[in-house]
Amino acid sequence: MKFPWSHTTIVDMIKTDQKVEEKCHQVTTDIIAGKLNVAEFVEELGPALTHTDASVRAKGTTLLSNVLKDLPRDALQANQVELLCTFYIDRSLDHHTVTPMVLAGIEALTHMTNFPDGAAVRLLRALFERVPCQSQKKPERTLYFQMMLNLAERKEDELKAWGVDFVYGVIGAIEGERDPRNLLYLFERMPSFIRTFPMYHLAEEMFETFACYFPIDFHPNPNDPVAITRDALAEHLANCLGATPEMAEFAVPLLMEKLDSSLIMAKLDSLSLLRKCLELLEVAKLEEHHDELWTALKKELLPAGGTSAAEKELVEATFAAVQALAKNASTDEPSAKALLDKVLLSVMGGLTDASSKQFEMSLRVELSCAQGSVYCAVYVIEKLIPMLLAQLNVDGHVETRVANVLVDALQRLCAVCAHWYCIDRLDPALVGQMHKKLIEVVLQEADGSEQKRSALLALAAVPEMVTSENRYVVYSAMVKILLTATEQPTGTIDAAQECLFSFAIRYQQEVETVVLEKLITHDYAKAETSLVQLVFKTLGKFILYHGYMDKMVIFFLSKIFDPVNERLAIIAMDTLTDVVENGNSSQLGKAELYEQYKLLDRCFEYANDKLSSDCLHAMAQLIGAVVKQLPVEEQHQLILKRLPALRLQQRADLYLASGLLAYLDQSVPLVDHFENLVTDLSKLALETDDERVRDVCNRLLCSLFNRMPDDEHHRGVLKRLLKMIREELKKHNHQAVVILSWIGKGLIARGHSEAGEIVDDIAELLDHPTLGHIAALAFEILSIEFPQLHLPLLRNLFKQKLFVWVMKKLEQKVEQYAETHLKALAFVLAATPHTVLKMNLSKVGPVLLKCLAQTDDKTILEALTIVLRFTREQDPFVQDHLQTLIPLLLKLTLHQSSMKIRIGALECLLYVCKYPTFLLLPFKQSVLLALQKPLDDRKRLVRNAAVTTRLQWFVVGSAEDTKTDK
């Protein structure tokens, strides 16, 4: 290769040539292509690298290092890397201005695939001895750390053989680091280093290197684009301090010292570090600290502390530390017993008096210990049960509040017992006493009482505790609660259901013959609908329990096909639909309901026009849920069998078709039926007066055109149908507009070419004297999402496409917008992603302001919601139009027909206060005056919003506000 410089010109070129970087890129390309050897390149740079002027040597080294950084990792052979390592080791003795370029070159070399054996030790020894890391600037220290830790990963065996000198060099390099980004890098990488390399006699010195940062006191720069958080630094520092058991030993005295701090964050960091250390250390290493640790933890818990969020977080962290301490001690039973005795003695006073303020905190301390291990759980439960029962079984009257607390405590102990499966390890006499008391509560207390709720939850946790004769007491209580659910509090109902499901798993035969039989045979004919729904929902969950499916399915089918009580049939179908859709069992729909019980066949035989629309709708939903679970081939066979016989003009057949087609897989062909289906559906939608029938037809048309194959035949069907609809539009048929919008919705979602034409047709109707209002509502259909509408083909960004079509069609008429245009635009804008609106705010903004000046509630509410988002973000458009926006918002605070609009306007005015004070001062007096009326609004929520907003406007321009602005 011919170099772009020579020995005689290289120095001058480095001093004067501005294009030296470009020439280096060419050198990199040539080395990669094999046209140039790196040794030749170094030789050509010789005059610059050995120049008497340090600045020239620095620039020459920079050129070499830049070329190395740009080279692929496999571009150099081992002998070439060896040569460069030798060169950089030699350069490490150079002037300090050359050092940054040397570090950059070495860091690049550490990534080379063919890095030679032995070079890592020579490089690092030279750097440790000649280049003090903490004397360098921040970027060079970053390179130093990256190079050092990269080599530690790549050349582990080689550096382990070097021994203690390597560890000492690493400690020397990182000791005293103060840059937060460098510290975060070290905190992330050093735990692995500490676990990999023996620390020899330097373990304490390594620990002290990190201990000086504990606890982290750091306030991030608010203008940092990639901000480092205090929590991230604290978390990774704790990983370093607790990296190994050896390090954790040194950490325990440190964290105990910091637990005495008055700073909550220091305490939280100490507790987090304690939990890490407890995971690593053997109990023998910690036993000597148990007294001090428990004293420090007790100080945070007893007496009960404050109520701020930070104080609550500290209490929760302390409980977690107590649990970890108990778990650690459990590996040695004598140590665990000594610790648990110590803890129990400390909280005994609170536990023996359930009316005291200390009871809850004392109980939670013991529960935290119990969660540590099986041994701890058995110890705590056996100690606490007698204390709690003694307070419940006093001769005199026990205050209801105290009894509630005590039974709840028993329930929480049962929950711990269930967690560890330790009921068999407990003293049978104690278990019997607790069981007797819980059954007594179930028998004697009122159904809605707090004690009964807690007792049922306790029995649900450990159903094996209940003796056979007493189980029937529990069954009777559960049945009674469920059959009087409308009179019971939600907590009691939930407890009864949880207890029922728990017993159902363990005592299947009893639950089936006692509880379920009573619930199934109960006469629900005159029961309240809410009660029937709750009981049926409870029974529906049993379908998914092993051994209960047949009994439950037969029960629900008997209700569904019972012509006597249609209300129960609807609830049964809704329940079964919910189980099929949310039960996580595709076999229920396919193998059981479809194949074994022939549900769909029975529905088709049973359905007739005498059934109500509500019943037929519920049946269609159930059919759709089952069809959704079927394989494609079975769906296809079902369509071939059932669809041709349906006559959509008959109401029952229409709903059955809806169930068949609503969730049909996209790949199931409908080509033989498509034209007849869409023709019959569109005619029925145009002619019927039944609103629900029209809705079913429209949704089916939407789904069918969404999944329609894009071929000549189906496009011809679409064009013929559109032609027929346009003829109806000429007759001013409102339903034709609605049908057109539903078809358009299906086509827009899939990105069909005809969709834009349909949007244009509807947009042109906005000017129509009789169809304009319904055309505006058609844009709501086009825009919003319907939860039960199945659209198998969804194209990315279809909402954005609709926005573009509508704005392109209407943006030329901004000044001429009528109410219908603004209503249509409001619906489209509400469905458009916020990012798209933000990008087009110069076009969208004036439309939103016009919408706020309308009288239609829907138009105002959609526009106000969008304006509120932009105001909250302090968008410049809002700032530029405050003179128009504020009077509009003040007017809306008195908009009597909608409370949501009044509250939204007040909230928007509240966020307006975040704009600069000088912009708000001209409006202050008029706003304060206008906001007096909302203070007397008839709705409490509006009055609350008005008080908050007026107070914020009142302080606009005050000394504190001005200072904040500055």
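Residues numbered from 1 in each chain as written. Predicted model: local features only at pLDDT ≥ 70, side-chain atom pairs only at ≥ 80, totals over all residues. Heavy atoms only, no water.

As annotated in an unreviewed UniProt entry, the protein carries the name MMS19 nucleotide excision repair protein and is attributed to Anopheles melas. Of the protein, the UniProt comment under Subunit (unreviewed entry) reads exactly: "Component of the CIA complex." (UniProt positions renumbered as here; feature names shortened; annotations may be inferred.)

Asks: Can you lay out the overall build of the protein for me, pointing to particular residues and giving the numbers?
Replies: Along the backbone of the protein there are 53 helices and zero strands. For the protein, the C-alpha atoms occupy an extent of roughly 105 × 85 × 70 Å along the three principal directions. Here the protein holds 966 residues, and the buried ones make up 55% of them. Of the contacts made within the protein by residues no fewer than 6 positions apart, 74% connect residues no fewer than 24 positions apart. (Helix = DSSP H or I, 4+ residues; strand = E, 2+ residues; numbered from the N terminus. Buried < 20%, exposed > 50% of the residue type's maximum accessible area, 1.4 Å probe, protein only. Contact = heavy atoms within 4.5 Å.)

Asks: Quick rundown of the packing of aromatic side chains? Include the residues and the values.
Replies: Under the criterion given, the structure shown has 24 aromatic pairs. Following the ring pairs from residue to residue traces out a cluster consisting of F128, W162, F166, F193 and F197. A cation over a ring is seen here: R471 above Y507, with NZ or CZ 3.9 Å from the ring centre. When the ring centre of F954 is taken as reference, the NZ or CZ atom of K924 above it lies at 6.0 Å. (Phe/Tyr/Trp six-rings, centres within 6.5 Å; stacked < 30°, edge-to-face > 60°. Lys NZ or Arg CZ within 6 Å of the ring centre and 35° of its normal.)

Asks: Kindly report on the environment of L643, identifying the contributing residues and their values.
Replies: Counting through the fold element by element, L643 comes out in the loop between α35 (632-642) and α36 (651-662). For L643, a relative accessible area of 5% puts it in the buried group. C-alpha separation for the pair L643 and L935, spaced 292 residues apart in sequence, amounts to 61 Å.

Asks: Explain helix α24 (residues 428-444) residue by residue, including any values.
Replies: In a regular helix each residue adds 1.5 Å, so 17 residues correspond to 24 Å; α24 covers 24 Å between its end C-alpha atoms and thus fits that length. Within the span of α24, buried status applies to L430, V431, M434, H435, K437, L438, I439, V441 and V442. Looking at the buried side of α24, the elements it contacts are α22 (374-392), α23 (400-420), α25 (450-461) and α26 (468-483). Two to three positions downstream of the cap, the backbone nitrogen of A429 sits 3.1 Å from a side-chain oxygen, assigning the N-cap of α24 to D427. (Expected span 1.5 Å × (residues − 1). Polar contact = N/O pair within 3.5 Å; in protein donor to acceptor, adjacent residues only side chain to side chain.)

Asks: I'd like to hear about the packing of helix α19 (residues 309-329) against helix α21 (residues 359-370), residue by residue, with values.
Replies: When two helices pack together, their arrangement is given by the angle between the helix axes and by the axis-to-axis distance. Between α19 and α21, the least distance of the axes is 7 Å, while the angle of their chain directions is 40°. Between α19 and α21, the crossing angle belongs to the class labelled oblique. When the axes of α19 and α21 are compared, the crossing they make is right-handed. Residues V315, E316, F319, V322, Q323 and A326 of α19 pack against M361, R364, V365, S368 and C369 of α21. (Axes fitted to C-alpha atoms, helices over the stretch in contact; angles between N-to-C directions. Parallel < 35°, antiparallel > 145°, perpendicular 65-115°, else oblique. Left-handed = near helix turned anticlockwise from the far one by under 90°.)

Asks: Tell me about unusual backbone geometry, and please be specific about residues and values.
Replies: Residue P215 follows F214 across a cis peptide bond; omega there is -5°. Structurally, P215 can be placed in the loop between α13 (203-211) and α14 (230-241). Even without being a glycine, Y421 presents a positive backbone phi close to 50°. The exposed category is assigned to Y421, whose relative accessible area is 73%.

Asks: Can you explain the pattern of salt bridges? Please cite residues and give values.
Replies: Going through the model one piece at a time under the given rule, you end up with 46 salt bridges. Residue K160 is joined to E156 by a salt bridge in which the shortest nitrogen-to-oxygen separation is 2.9 Å. On the criterion of helical spacing, the pair formed by K160 and E156 is a turn pair, its members being four residues apart in helix α10 (residues 156-162). What makes E156 partly exposed here is its relative accessible area of 30%. D761 is the salt-bridge partner of R726, the closest N and O atoms lying 2.6 Å from each other. Of the two residues, R726 is situated in helix α39 (residues 712-730) and D761 in helix α41 (residues 755-765); the sequence distance between them amounts to 35 residues. Among the charged side chains, a salt-bridge network with shared partners connects R57, D90, R91 and D94. (Salt bridge = Lys/Arg side-chain N within 4 Å of Asp/Glu carboxyl O.)

Asks: Summarise the side chain of T538; cite the residues concerned and give the values.
Replies: Tracing the chain through its elements places T538 in helix α29 (residues 529-541). For T538, a relative accessible area of 1% puts it in the buried group. Those residues within four positions of T538 in sequence are excluded, and the remaining contacts are L482, Q497, L500 and F501.

Asks: Tell me about the confidence of the model for the protein, residues and numbers included.
Replies: For the protein, mean pLDDT is 90; residues scoring 70 or higher make up 96% of the total. Confidence over residues 962-966 falls short of pLDDT 50; this stretch has three contacts with residues more than four positions distant or in other chains. (pLDDT = per-residue confidence, 0-100.)

Asks: Can you explain the environment of V632? Please cite residues and give values.
Replies: Among the structural elements, V632 can be located in helix α35. In this structure V632 comes out as partly exposed when scored by relative accessible area, which is 36%. Counting along the chain gives 34 residues from V632 to Q666, while the straight-line C-alpha distance between them is 9.0 Å. The contacts of V632, once residues within four sequence positions are left out, are D665, S667 and V668.

Asks: Break down the UniProt feature "domain: MMS19 N-terminal" (unreviewed entry) in the protein for me, with residues and values.
Replies: Under the local residue numbering, the UniProt record ascribes the feature "domain: MMS19 N-terminal" (unreviewed entry) to residues 42-302. Between the C-alpha atoms that bound residues 42-302 there is a distance of 72 Å. The span itself is 70% helix and 0% strand.

Asks: Account for the environment of T575, with residues named and values stated.
Replies: Considering the arrangement of structural elements, one finds T575 in helix α31 (residues 566-582). Of the residues examined, T575 reaches a relative accessible area of 9% and is grouped as buried. A C-alpha to C-alpha distance of 75 Å links T575 and E82, two positions 493 residues apart in sequence. Leaving out residues up to four positions away in the same chain, T575 has contacts with F536, K537, G540 and F556. Polar side-chain contacts of T575 include one of 2.8 Å to the backbone oxygen of I571.

Asks: I'd love a proper account of the domain arrangement of the protein, names of residues and values included.
Replies: Each assigned domain of the protein is listed with its residue range as follows: domain 1 (523-669) and domain 2 (838-852 + 865-958). Centre-to-centre, using C-alpha coordinates, domain 1 lies 50 Å away from domain 2. (Domains from an automatic or database assignment.)

Asks: With reference to specific residues and values, describe a negative patch on the surface.
Replies: A cluster of acidic side chains, namely E175, E204, E205 and E208, defines a negative patch on the protein surface. In this structure, E208 sits in helix α13. (Patch = residues over 30% accessible without salt bridge, like charges linked within 9 Å, V, L, I, M, F, W, Y side chains within 5 Å. Areas by Shrake-Rupley, 256 points an atom, 1.4 Å probe, with all protein chains shown as cover. Lys, Arg positive; Asp, Glu negative; His and termini not counted. Charge placed at Lys NZ, Arg CZ, Asp CG, Glu CD.)

Asks: Provide a residue-level description of the nonpolar core, including the pertinent values.
Replies: One finds M190, F193 and W953 to be the most contacted residues of the largest nonpolar core, which totals 369 residues. Take this core: its biggest share by element is 13 residues, from α22. Viewed by domain, this core spans two of them, domain 1 (523-669) and domain 2 (838-852 + 865-958), each represented by three or more residues. (Core = buried A, V, L, I, M, F, W, Y, C linked by side-chain atoms within 4.5 Å.)

Asks: A description of the packing of α19 against helix α20 (residues 333-351) should follow, citing residues and the corresponding values.
Replies: α20 packs onto α19 with a crossing angle of 145° between their chain directions and a minimal axis gap of 8 Å. For the pair α19 and α20, the contacting residues are L325, A326 and A329 in the first and S335, A336 and L339 in the second. Of the residues assigned to the contact of α19 with α20, the class counts are five nonpolar, one polar and no charged. (Nonpolar A, V, L, I, M, F, W, Y, C, P; charged D, E, K, R; others polar.)

Asks: For α14, give the residues involved together with the corresponding values.
Replies: When the terminal C-alpha atoms of α14 are compared, their 16 Å separation across twelve residues agrees well with the 16 Å that a helix rising 1.5 Å per residue should span. The complete set of buried residues in α14 reads R230, L233, A234, L237, A238, C240 and L241. Projection of α14 onto a plane perpendicular to its axis shows the buried side chains occupying an angular sector of 155°, all on one side. For α14, the secondary structure elements touched by its buried residues are α12 (180-196), α13, α15 (245-259) and α16 (264-280). (Arc of directions from axis to C-beta.)

Asks: Describe in detail the side chain of T859, supporting the description with residues and values.
Replies: In this structure, T859 sits in helix α47 (residues 857-872). Engagement of the side chain of T859 in a polar contact is seen with the side chain of D856, the distance being 2.9 Å. Look past the residues within four positions of T859 in its chain and what remains in contact with it is L822, K823, A826, C851 and Q854.

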